[in-house]
Amino acid sequence: MSDPTTDPLARVVREEWGRLVALLLAQFRRLDLVEDALGDAVEAASRTWPRDGVPDNPAGWLMTTARRRLLDRLRTEEVARRKQPLLATDAERHQQGARTMADPGAVLEDDLLRLVLMCSHPALAPEAASALSLRLVLGVATPDIARLFLVPEPTMAARITRAKKRIVGAGIPFAVPDASVLPERIENVAQTAYLAFTAGYAPGSGPDLLRAELAGEAVRLVRTTLALCPDEPVLLALLALVLLQHSRRDARVSDGRLVLLPDQDRRRWRTDEVDEARRLLEHPALAGPIPLLAASYTLQARIAAEHALAPSSAETRWDRIVRLYDALLGLAPSPSARLARAVAVAEDRGAAAGLEALEGVEVPGSHRPAAVRAELLARAGDTVAARAAYDQAIAACRNDVELQHLRERRQSLG
Amino acid sequence: MSRYLVLLPAPEAEWAALPASEHEKGMRSHVQFHEELAAGGHTIVTGGPLEPSERATSMRPDGAGGVLVTDGPFTETGEQVVGFYLLESEDEADLRAACRRFAARGEHIELRRMSE
């Protein structure tokens, strides 16, 4: 897809894809046909708009064209007497038909929320839910989703198709659940989006070292959902968190190599995103009481904000970061939070204190605890133990970029 | 005269799923406990069941000089305090005996004496 800032088709696809999918699903309830029909409509637009000019209502044009495709397909099926299973919707939906004319805006937003909730339904595997959300809600192309999750394109295409079949087969409804369940389902949306975001920051190799622009699509998913539920604490806190992490993307790579936080050029951080995140953290809805997940995202965002606001690496307020990690561990003890706290303790009170805080921290399947221990032992001057810890980290590391870094560090011990 | 807090922790989810007959049995056991307390000269200052822990509000320092206010119990464990009694007693041995019988009838009990 070309640049959405200059290409009107790219822009309407970027901005309206989810709403168009939602509207077509509400009308036709055919998850297996809607995406193809819309894809055909976009393809037709790419041929005719440059020739005939951009229509006055580009989204309406795509909608009409996609609807026509769908009707053609359904007529063909009718002739073949084939019955496809229909997507389940709530009964309320049918009564809303009359309302559609009177209040199209609200119904449209409601349909988009139905789509968001359907894609992140807890009956779907988390990665499948993430992929499906990016595809159906945001219109991210399948090859890009495959790159984001570091899997081959056919694998991702199959995963998305399976997820769609599962939705229809398991009777996952295209519906907004009642208020007692909605907050829980919004938490699923948040976790789905955060999974996609972190996938974009999992180091790859070669040109895919960082897929930060794709992680940006996950930010968009949070933003889109927050626009539908503007006071939802979990979404406010998550948007702040991902914006703060994402604000550093330009400084994370230099000459095709990963640049770690202390060495990043802070002038390249996106201050507008940092400012937006800080405003989000001041939102009254976060004063509480808020659910645990929202509180956890809030604390993680505050930790990220400490980094974002430090004028230089040396001026980082590690004492505050340690206290924030203490609060986070009080909410939800996790080995990775303990590991991160130990790093902060080492920066605040020295390598020996850090090693003490690291005592007993194990993250299953991760080389990171050993890598941190090696680094702290090296700083403490215990070269022999540091070398052994680097060997342990190197043996457990499965990522080329980080492996290279660990080998260099080990070598520099002499 | 000392004051005692009788905490009643229980697996909330399991309890809610039990049939009505079990709930009635629990109620009868509480009535019996009240009768034994009265007979032993112990006073119930106050007590009773608590709303489900999911309706609790927890507050703690947020690590930055403020407060973090969350939905739900302080720690997410299967067992939560579902009720309590605050008692006054001059005969701890007799009170303990009544609590033991109460527990033997199926109640989980944590007995705490208020420090002077």
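So, here is what we can say about the structure in this document. (Residues numbered from 1 in each chain as written. Chains lettered and ligands numbered in written order. Predicted model: local features only at pLDDT ≥ 70, side-chain atom pairs only at ≥ 80, totals over all residues. Heavy atoms only, no water.)

1. Overview of the sheet that holds strand S6 (residues 110-113) of chain B
All names here are of chain B.
Step number 1: Read across the open sheet, the four strands follow the order S2-S5-S1-S6; overall the sheet is antiparallel. Where the open sheet ends on each side, the last strands, each with one partner, are strand S2 (43-49) and S6. Direction aside, neighbouring strands of the sheet carry axes that sit 20° apart on average.
Step number 2: Summarising the sheet, strand S1 (residues 2-11) and S6 pair through four bridges and their orientation is antiparallel. For Leu 7, the partnering residue across the bridge sits in S6 and is Glu 110. (Pairing = 2+ DSSP bridges. Helix = DSSP H or I, 4+ residues; strand = E, 2+ residues; numbered from the N terminus. Axes fitted to C-alpha atoms, helices over the stretch in contact; angles between N-to-C directions.)

2. Considerations on the pattern of salt bridges
Step number 1: All chains considered together, the criterion is met by 36 salt bridges over all chains.
Step number 2: Of the charged contacts, one joins Glu 213 of chain A and Arg 249 of chain A as a salt bridge, the two residues approaching to 3.7 Å between their closest N and O atoms. Placement of the pair is Glu 213 of chain A in helix H11 (residues 212-228) and Arg 249 of chain A in the loop between helix H12 (233-246) and strand S1 (253-254), with a sequence separation of 36 residues.
Step number 3: With a shortest N-O distance of 3.2 Å, Asp 62 of chain B and Arg 302 of chain A are connected by a salt bridge. Highlighted residues: Asp 62 of chain B in the loop between strand S3 (57-61) and strand S4 (67-71) and Arg 302 of chain A in helix H14 (residues 292-309), drawn from two different chains.
Step number 4: When salt bridges with common partners are traced through the structure, they connect Glu 347, Glu 375, Arg 379 and Arg 409 of chain A into a single cluster. (Salt bridge = Lys/Arg side-chain N within 4 Å of Asp/Glu carboxyl O.)

3. Considering the nonpolar core
Step number 1: If you look at the biggest cluster of nonpolar residues, it comprises 136 residues, and the most contacted ones within it are Leu 25, Leu 62, Leu 115, Met 118, Leu 238 and Tyr 297 of chain A.
Step number 2: If we skip the residues at most four places from it in the chain, Leu 62 of chain A touches Leu 9, Val 12, Leu 20, Leu 38, Ala 41, Val 42, Ala 45 and Trp 49 of chain A. (Core = buried A, V, L, I, M, F, W, Y, C linked by side-chain atoms within 4.5 Å. Buried < 20%, exposed > 50% of the residue type's maximum accessible area, 1.4 Å probe, protein only. Contact = heavy atoms within 4.5 Å.)

4. Examining the side chain of Ser 2 of chain B
Step number 1: On the secondary structure map, Ser 2 of chain B appears in strand S1.
Step number 2: Among the polar contacts made by the side chain of Ser 2 of chain B, one reaches the side chain of Arg 113 of chain B at a distance of 3.4 Å. (Polar contact = N/O pair within 3.5 Å; in protein donor to acceptor, adjacent residues only side chain to side chain.)

Fair warning: the whole summary comes from geometry, so function is off the table for now.
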